[in-house]
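Chain by chain, the residues:
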Amino acid sequence: MDHTRQDTAASTEGEDYTRRLQRLGGARWKQLLDVQAPYRWNLRRLHLGRTLDVGCGLGRNLANLGGDAVGVDHNPTSVAHARAAGHEAYTIEEFFRSPHARPDAFDSLLAAHLLEHLPAAQALEVISSYLPFVRSGGTVVFITPQERGYASDATHVRFVGFDEAGQAARDLGMTVTRQYSFPFPRALGKLFTYNEFITVARVA
């Protein structure tokens, strides 16, 4: 399996990508079954405190994190959707002009389904630009899709498993404290679209 694709990350910037996220998240069966419940539980058990959600998209994780979280995304249509849902979200330019862009403003940084959209060097650049806003000793969480999830989205450019996410954390000067598969064991990653790699790291 080829885990590297040509750079298609720009396709996450437009209205089409926002509509795709809306369509996937708005499926009636997902609403009826509350499929976000285990993912909501997973985030809350990490006790992340005030969290900066980088690549927040429509704000799904902002809802799971609680009212103190702040989101940032390069897609203005997605940011507008997140705001309409009652979340605090900004485009990149807006965030860096906001009062939130100050040292130690956050306890944690969440990058959920972000790294796989970026070449390795660019992913490090993006995350490093937000790390100054996370307090010393704070937490960074990377969430990335396993095989079935990776293959489900043409805008994914790089497979990011435990090794790649752990290396990214170390390259950024952080210490990896935990890695696990969620919600099911790692063996189901080739079968279940929403099985995820979770990497938790501590900021120096």
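Residues numbered from 1 in each chain as written. Predicted model: local features only at pLDDT ≥ 70, side-chain atom pairs only at ≥ 80, totals over all residues. Heavy atoms only, no water.

## Notes on the overall build of the protein
To be explicit about the condition: Elements are defined by DSSP. Helices are runs of H or I of four residues or more, strands are runs of E of two residues or more, and each kind is numbered from the N terminus. Contact criterion: two residues are considered in contact whenever any of their non-hydrogen atoms come within 4.5 Å of each other.
The helix and strand inventory of the protein stands at 9 helices and 7 strands. Counting only contacts in the protein whose residues sit at least 6 apart along the sequence, the fraction spanning at least 24 positions is 67%.

## Here we look at the side chain of Thr-144
The test is simple: For each residue, the accessible area found with a 1.4 Å probe, counting protein chains only, is set against the maximum for its type, and the residue is called buried under 20%, exposed over 50%, and partly exposed in between. Any pair of N or O atoms that falls within 3.5 Å is considered a polar contact. Within protein, one atom must be able to donate a hydrogen and the other to accept it, and sequence-neighbouring residues count only if both atoms are side-chain atoms.
Mapped onto the elements of the fold, Thr-144 is located in strand β5 (residues 134-145). Take Thr-144: its relative accessible area is 1%, and that puts it in the buried class. Only 2.6 Å separates the side chain of Thr-144 from the backbone oxygen of Val-160, close enough to count as a polar contact. Setting aside residues up to four positions removed in sequence, Thr-144 forms contacts with His-113, Leu-115, Glu-116, Val-160, Asn-195, Glu-196 and Phe-197.

## Some remarks on the nonpolar core
One broad rule of soluble globular proteins: the nonpolar side chains tend to lie buried together. Stated formally: Among the buried residues, those of types Ala, Val, Leu, Ile, Met, Phe, Trp, Tyr and Cys that are joined through side-chain atoms within 4.5 Å form a nonpolar core.
By size, the foremost hydrophobic cluster in this structure holds 29 residues, and its most contacted members are Leu-52, Phe-95, Leu-109, Ile-127, Tyr-130, Phe-142 and Met-174. Looking at this core, the elements with two or more residues in it are β1 (51-54), β2 (70-73), β4 (106-112), α7 (120-130), β5 and α9 (162-171). Ignoring anything within four residues of it in the chain, the contact list for Phe-142 reads Ala-111, Leu-115, Ile-127, Ala-165, Ala-168, Ala-169, Leu-172, Met-174, Phe-197, Ile-198 and Thr-199. If you look at the next biggest cluster of nonpolar residues, it comprises 19 residues, including Leu-65, Leu-110, Phe-182 and Ile-198.

## Describing helix α5 (residues 76-84)
Note the threshold: The arc refers to the directions leading from the helix axis to the C-beta atoms.
All buried positions along α5 are accounted for by Ser-78, Val-79 and Ala-82. The buried residues of α5 occupy an angular sector of 100° when the element is viewed end-on, so they sit on one face. Two to three positions downstream of the cap, the backbone nitrogen of Thr-77 sits 2.9 Å from a side-chain oxygen, assigning the N-cap of α5 to Asn-75. Note on α5: the residue one or two positions beyond its end, Gly-86, has a positive phi of about 95°.

Coordinates in, geometry out; function isn't part of it.
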